[in-house]
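# Breakdown of the fold
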Amino acid sequence: MKSFVLFAVTAAAIAQDGAALFRARCAVPYCHGQAGSAGRAPKLIGHTYNSSAVFSIVSGGLPAKGMPGFDRDLTAEEIEAVTRYVMTFAGAGPRKNEWGISSRTQLTPELERSRNLFFDAARMNGCGRCHEVDGWGSKVGPDLSRSASWNLRGGSGKGVVTARIGAETFPALVLEPGSVTRLWDLGSRLPVLRTVAGADLQTDAASRWDHAAETRAYSDAELQLIRPFLQWARKQQPDAR
Amino acid sequence: MRTWSCLFVVVANLLAQADWGTHGGNYAAWRYSSLAQIHTSNVGRLTPAWSFQTGDIEHGLQATPIVQRGVMYVSTSQGWVIALNAADGRLIWEYRYAPENTAVYGKQNRGVAVSQGMVLLGTADNHAVGIDAQTGKEKWRVNMEDTRQCGCNITGAPLAVKDVAVFGVTGGDSAHRGYLTALNIRTGRFHWRFYTIPGPEENGHETWPGDSWRHGGGSTWMTGSYDAELNLLYWGVGNAAGDILSKNRRGDNLYTASVVALNPDTGKLVWHYQEVPHDVWDYDSVYELVLADLPVAGKMRKLLFHSTKAGYTWLLDRSNGEFIKAWQFVKHSNWVAGITEGGKLVGRRDPEIGKGLFVCPSAMGGKSWNESAWSPRTGLLYLPVVEACNDLMAREQEPQEGQIYIGGSWIIKPPPDGKIEGYLAAFDPLTGSRKWSLPGKTWFMASLLATAGDLLFTGDPEGNFFALDARDGKKLWSFQTGGGHRGGAITYAVNGRQYVATPLGWGSFLGMFHLSIFPDAPAPRAGSALMVFALPEVGQ
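For the structure given in this document, a descriptive report is provided here. (Residues numbered from 1 in each chain as written. Chains lettered and ligands numbered in written order. Predicted model: local features only at pLDDT ≥ 70, side-chain atom pairs only at ≥ 80, totals over all residues. Heavy atoms only, no water.)

## As for the layout of surface pockets
For clarity, the threshold we go by: The method works on a 1 Å grid over the protein atoms by themselves. A cavity is a set of points holding a 1.4 Å probe that cannot get out, a pocket is an open set with protein on both sides within 12 Å along at least five of seven lines, and residues with an atom within 4 Å of a point line them. Grid points are joined across faces, edges and corners, and a volume is the space filled by probe spheres set on the points. What counts as a helix is a DSSP run of H or I of at least four residues, what counts as a strand is a run of E of at least two, and both are numbered from the N terminus.
Taken as a whole, the largest pocket encloses approximately 1300 Å³ of empty space. Lining the largest pocket are 48 residues, with Ala121 and Ala122 of chain A together with Arg177, Trp213 and Arg214 of chain B positioned closest to its centre. The element best represented in the lining of the largest pocket is helix H4 (residues 109-119) of chain A, accounting for six residues.

Here is the structure:
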């Protein structure tokens, strides 16, 4: 993929200019973004740092987190210049990473395993194909962090209808009925959000769609292992506290 | 120059008439048109016919437009799709994708596919979208995988093959397991997903120790090719993750840095060829796969040329994946000592933890993703080459689902003899001998376009859009468009008049580094526009 590139620019020309050094070395999109505002590494804007900590991180890096050290590449004066520039970011702008990625909740190892099983990326998102919990997944089915149901295998059977458009018949969840209707087509392994003319759509309240068929990839034991994550997510709700 | 005449060429030529129907101009990714109204003797009179501003300038215009039956479809970085009258640039409709999540890997979009009355779009938040080509109304959208979870999204143009649209995915630098996904063009329904990394019990899984397969990268961020006669879909697969860190994934790491050939009806693997076993240099093999039939040792062969970041062009037999040859197209290469006649890498130089290793070409690639052109008339393959090296250093890192997983760093360095440079070069694809080259002021980051008028078109970061004589590289015409070029120029005809269209407006991930690499050159101008040229004396 596109590279996490740190550029060797003609160092002499910009030796003392922390802003220019930052632009060239730190502001690349995989890292801290323009003026420390974005990137996949943490946003620097809005934090209050200790300048000697910044100096040592820029020098030695944070190897475990993928932050490279620059001591082999920049002189001490240059690192100082970058540090001075980074210190100017304090207190400005919002803290959240623009991509929302570093905002992911850190869980205990047990809960982490439970969450991984719920989303189960290696099997096309598992429950996350249809349920959003704690900021991951698709909002097709009900919000499981607000639900009281523990019927993880079978769901509730509520809300799914049989839709007919011309010769097509498929299970669906209708979102906004009207002259233009949006509905989830559940006849696809990855649910499809379709937009159809209300006049073309017929629905039948009865449906043979079966939640259990969608959770077949999970053994009973695995469904048990998912429970702690849902329990945790339910406790996070304001009204649950 | 030789003229290759064989059935494949003839058929492809007929299809290439008038329209620019698919991302690569045809399914064989030639970026060549048989239109010849504009040719070497009249190209000097080319004048602007119309232009259009998309208004979405954040990452420039990187797309290759599609033209079918007089309508041009172009997509912008945020996923706006615009349909224009291809003869005069009048707006027919405009669709603006309403994202559900913010983007990872930046907002980039390299184009749409158009088929069966639908326009197919991949989005920066990893959705696939089907739009009615008549009305511009969204018919369906599918969340391919939560972008927040996977650290992946879609930047490449999908490829429509029969009833399905095939979408690639980014995420090769994240802890992610890459794939291709095929959806029904009309309904968006799921057909198949091919994981580029085999799961437990699949062939090739043994090339990934432990759980490393779950986070092994293998993205598919560019567009594949298709051979209808063989019914094979070809796609390039990206680097393994962590890119530089070898320790967690000892083994060949199939099918990263490989070409895969799939049955488009089922998504099943028919053959694969791994160009870079156990990639540790971020040498994605995701770029365009050029399909052509040429005689090798007196025998007509169905070939696939694949020019990649590693600075080599691989020649494979596309019916079975047999290795024929690999030749080096960059001048500076030291990641291996060479590639044997059997395709084996010899003299590998693998980066180590905590130690810098000077390697050429750099992780930016001996060529970037901007696409090559192949002219069956001149028999030459045209490549935008980049000469650059880097210091690679591996670092310990544990993968975390969807998070960046590089396991090291790159520091871009000039080659031993001086400076980072880019140039266009024309090669005999069978021997790798270079026929001509044209140096850039900086480098060339736009895709190339060859025509039967023996012209080669492209643009540069400085804003010039120009035409060369495809036979000898002589510059015949140039026009200052006012914006840097990073998209794909096309040509097409409406009512007997040939047009040449170029996207313009600087952007892209690599585009952001331009100033660091060329500190003395003026900054390429941003923007997002189409500029279309034609001969003044024809039509209207």
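## Topic: the sheet that holds strand E37 (residues 497-504) of chain B
Residues and elements named next belong to chain B. Stated formally: In this scheme, strands are said to pair when DSSP sees at least two bridges between them. Angles shown run from 0 to 180 degrees and are taken between the N-to-C directions of axes, each axis being a line fitted to C-alpha atoms and, for helices, limited to the stretch in contact.
The strand order E2-E38-E37-E36 describes an open sheet built from four strands, whose pairing is antiparallel. Unpaired on one side and paired on the other, strand E2 (47-53) and strand E36 (490-494) mark the two borders of the sheet. Sheet twist, expressed as the mean angle between neighbouring strand axes with direction ignored, is 25°. In terms of strand pairing, E37 meets strand E38 (residues 529-534) through five bridges, oriented antiparallel. Bridge pairing in E38 places Leu504 opposite Ala529.

## Side note on helix H3 (residues 76-87) of chain A
The line we're drawing: To estimate the expected span of a helix, count its residues, drop one, and scale the result by 1.5 Å. We call a residue buried when its accessible area falls under 20% of the maximum for its residue type, exposed when it is over 50%, and partly exposed in between, using a 1.4 Å probe and counting protein chains only.
Between the first and last C-alpha of H3 of chain A there are 16 Å, a value that for 12 residues agrees with the 16 Å anticipated at 1.5 Å per step. Three or more residues of H3 of chain A are buried, namely Glu78, Ile79, Ala81, Val82, Thr83 and Val86 of chain A.

## Points about the packing of helix H2 (residues 51-60) of chain A against H3 of chain A
Residue and element names in this part refer to chain A. Filter applied, for reference: Oblique is the label for any angle not covered by the other classes, which are roughly parallel (under 35 degrees), roughly antiparallel (over 145) and roughly perpendicular (65 to 115). Crossings are assigned a handedness: left-handed for a near helix turned anticlockwise from the far helix by less than a right angle, right-handed for a clockwise turn. Note on contacts: a residue pair is in contact if any heavy atoms of the two residues lie within 4.5 Å.
Viewed as axis vectors pointing N to C, H2 and H3 meet at an angle of 130°, and their least axial separation amounts to 9 Å. Comparing the axis directions of H2 and H3 gives the class oblique. H2 and H3 meet at a crossing whose hand is right-handed. In this structure, H2 uses Ser51, Val54, Phe55, Val58 and Ser59 to contact H3, whose residues at the interface are Ala76, Ile79, Glu80, Thr83, Val86 and Met87.

## Quick look at the packing of H4 of chain A against helix H6 (residues 220-235) of chain A
Residue and element names in this part refer to chain A. The condition is simple: Only Asp, Glu, Lys and Arg are considered charged in this grouping, and only Ala, Val, Leu, Ile, Met, Phe, Trp, Tyr, Cys and Pro are considered nonpolar; every other residue, Gly among them, is considered polar.
Across the interface, H4 lies against H6 with an axial gap of 8 Å and an inter-helix angle of 110°. The angle between the axes of H4 and H6 places the two elements in the roughly perpendicular class. Judged by the twist between their axes, the crossing of H4 over H6 is left-handed. Where H4 approaches H6, its residues Glu110, Leu111, Ser114, Arg115, Leu117, Phe118 and Phe119 are matched on the opposing element by Glu222, Leu225, Ile226, Arg227, Pro228, Phe229, Leu230 and Trp232. Each residue belonging to the contact of H4 with H6 can be placed in one class, and the counts come to 10 nonpolar, one polar and four charged.

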